[in-house]
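Each chain, letter by letter, is given below.
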Amino acid sequence: MNKIPKHIGIILDGNRRFAKKLMLKPWKGHEWGKDKIEKIFEWCKEIGIKELTLYTFSVQNFNRPKNEFDYLMNLFNETFTELMTKEENKKKLEQICVRFIGRTWMFPKEVQESMKKLTENTKNNKPYTINFAMAYGGREEVIDAVKKIADSVKKGELDVDTINEESFSKNLYLQSEPELIIRTGGDCRTSNFLIWQSHYSEWFFLEKTWPEFEKQDLISVINQFSKRERRFGR
């Protein structure tokens, strides 16, 4: 791998289909998905990827059936709490800054609290960053950025004529841009993920579901990425 991307985004798709293959309740696949997230942390560190953005839960996912939604909320709360309390997890996070991007206020209070604590506990960690896209949507992110800019203009803090790509980006949840985005699960669509930041990202769509994704799959995608010529319109 002669060209390692600094920032990778992943759409974690296929948990429910994986569970169905095993003849389990569809939402049970999220447990396997959770275990794979812990592994991707280690793989990225080994390979030298500095930033990882994971599409974990979209704004539209709030419309999932109540039993699955409640199951996921418990799983999120349990996972984020374990990352802060279990010694082996605390050690893994020593060099990782954990952030949450999205409309996190939409989550139940206990999930919001565990996210805030994890963010606070890791805010000074370097050199790696993991962004969990939670209650996230690309269009929603752009709308929220426009509202912030409009408010600044209204208050006289910002001149309309000075608004450009740079000033707009500063008002987004996420300022950095992934060079590479992977979607697991077999679907070939972008699903409202990082629509501003991915304008020049290289996309890879894999048939494997997220729980089936392995380190060799990550290495294979990076090898393919390194062979692509990124011209940025030139």
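Please refer to the structure placed before this passage.
Being a predicted model, the structure only gives us computed values, none of them experimental. (Residues numbered from 1 in each chain as written. Predicted model: local features only at pLDDT ≥ 70, side-chain atom pairs only at ≥ 80, totals over all residues. Heavy atoms only, no water.)

Caption draft 1: Quick look at the overall build of the protein. For the protein, the helix and strand inventory stands at eight helices and six strands. Shown N-terminal to C-terminal, the secondary structure of the protein runs as helices and strands in the order β-α-α-β-α-α-β-α-β-α-α-β-β-α. For 234 residues, the compact-globule estimate of 2.2 N^0.38 gives 17 Å, and the C-alpha radius of gyration of the protein, at 18 Å, lies within 12% of that figure. The dimensions of the protein, computed from C-alpha atoms along their principal axes, are 55 × 45 × 35 Å. When burial is assessed residue by residue, the protein has 50% of its 234 residues classed as buried. Carbon and sulfur atoms provide 49% of the accessible area of the protein, an area that totals close to 12,500 Å². For the protein, the separation between the mean place of its 41 positive charges and that of its 35 negative charges on side chains is 2 Å. (Helix = DSSP H or I, 4+ residues; strand = E, 2+ residues; numbered from the N terminus. Rg over C-alpha atoms; globule rule 2.2 N^0.38 Å. Buried < 20%, exposed > 50% of the residue type's maximum accessible area, 1.4 Å probe, protein only. Areas by Shrake-Rupley, 256 points an atom, 1.4 Å probe, with all protein chains shown as cover. Lys, Arg positive; Asp, Glu negative; His and termini not counted. Charge placed at Lys NZ, Arg CZ, Asp CG, Glu CD.)

Caption draft 2: Representation of the pattern of salt bridges. Using the criterion set out here, one finds 20 salt bridges in the structure. A salt bridge links Asp 13 to Arg 17, with the shortest nitrogen-to-oxygen separation between them at 3.0 Å. Taking the relative accessible area as the measure of exposure, Asp 13 reaches 16% and is therefore buried. For the salt bridge of Arg 189 with Asp 187, the shortest nitrogen-to-oxygen distance reads 3.2 Å. Take Arg 189: its relative accessible area is 47%, and that puts it in the partly exposed class. Taken together, the shared-partner salt bridges connect Asp 13, Arg 17, Arg 183, Asp 187 and Arg 189 into one network. (Salt bridge = Lys/Arg side-chain N within 4 Å of Asp/Glu carboxyl O.)

Caption draft 3: Local environment of the layout of surface pockets. Here the largest pocket defines a volume of roughly 730 Å³. Sorting the residues of the lining of the largest pocket by element identifies α1 (15–21), α2 (29–47), β2 (51–58) and α3 (66–85) as the ones contributing at least two each. Each residue belonging to the lining of the largest pocket can be placed in one class, and the counts come to 13 nonpolar, 10 polar and 10 charged. (1 Å grid on protein atoms, 1.4 Å probe; cavity = no way out; pocket = protein on both sides within 12 Å on 5 of 7 lines; lining within 4 Å. Points joined across faces, edges and corners; volume = space filled by probe spheres on them. Nonpolar A, V, L, I, M, F, W, Y, C, P; charged D, E, K, R; others polar.)

Caption draft 4: A look at the side chain of Asn 171. Within the fold, Asn 171 resides in the loop between α7 (165–169) and β5 (180–183). For Asn 171, a relative accessible area of 17% translates into the label buried. For Asn 171, the side chain forms a polar contact with the main-chain oxygen of Ser 167, separated by 2.9 Å. With residues near it in sequence (within four places) discarded, Asn 171 still touches Ala 145, Lys 148 and Ile 149. (Polar contact = N/O pair within 3.5 Å; in protein donor to acceptor, adjacent residues only side chain to side chain. Contact = heavy atoms within 4.5 Å.)

Caption draft 5: The sheet that holds strand β3 (residues 96–101), seen in detail. Taken in spatial order, the six strands line up as β3-β4-β2-β1-β5-β6 in an open sheet, and their pairing is parallel. Since the sheet does not close on itself, it has two edges, and those belong to β3 and β6 (202–205), each with one partner. Pairwise comparison of adjacent strand axes, ignoring direction, gives a mean angle of 20 degrees for this sheet. For strand β1 (residues 7–11) and β5, the ladder comprises four bridges, and the chain directions are parallel. (Pairing = 2+ DSSP bridges. Axes fitted to C-alpha atoms, helices over the stretch in contact; angles between N-to-C directions.)

Caption draft 6: The packing of aromatic side chains, seen in detail. Within this structure, the stated rule accounts for 21 aromatic pairs. Geometrically, the ring pair formed by Phe 41 and Phe 132 is edge-to-face, given 6.4 Å between the ring centres and 70 degrees between the ring planes. Taken together, the residues Phe 41 in helix α2 and Phe 132 in strand β4 (residues 128–136) connect sequence positions 91 residues apart. The pair formed by Phe 41 and Phe 132 is uniform in burial state, with each residue classed as buried. Judged by centre distance (5.8 Å) and plane angle (15 degrees), the rings of Trp 203 and Phe 205 are stacked. Exposure remark for Phe 205: the relative accessible area of 33% places this residue in the partly exposed category. (Phe/Tyr/Trp six-rings, centres within 6.5 Å; stacked < 30°, edge-to-face > 60°.)

Caption draft 7: Inspection of the packing of α3 against helix α5 (residues 109–122) at higher detail. Contact pair α3 / α5: the axes reach a minimum separation of 9 Å and the direction vectors enclose 25 degrees. In terms of orientation, α3 and α5 fall into the roughly parallel class. The chirality of how α3 crosses α5 is left-handed. Packed against α3, whose contacting residues are Met 73, Phe 76, Asn 77, Phe 80, Thr 81, Leu 83 and Met 84, the element α5 presents Glu 110, Val 111, Ser 114, Met 115, Lys 117, Leu 118 and Asn 121 at the interface. The residue makeup of the contact of α3 with α5, split by class, is eight nonpolar, four polar and two charged. (Parallel < 35°, antiparallel > 145°, perpendicular 65-115°, else oblique. Left-handed = near helix turned anticlockwise from the far one by under 90°.)

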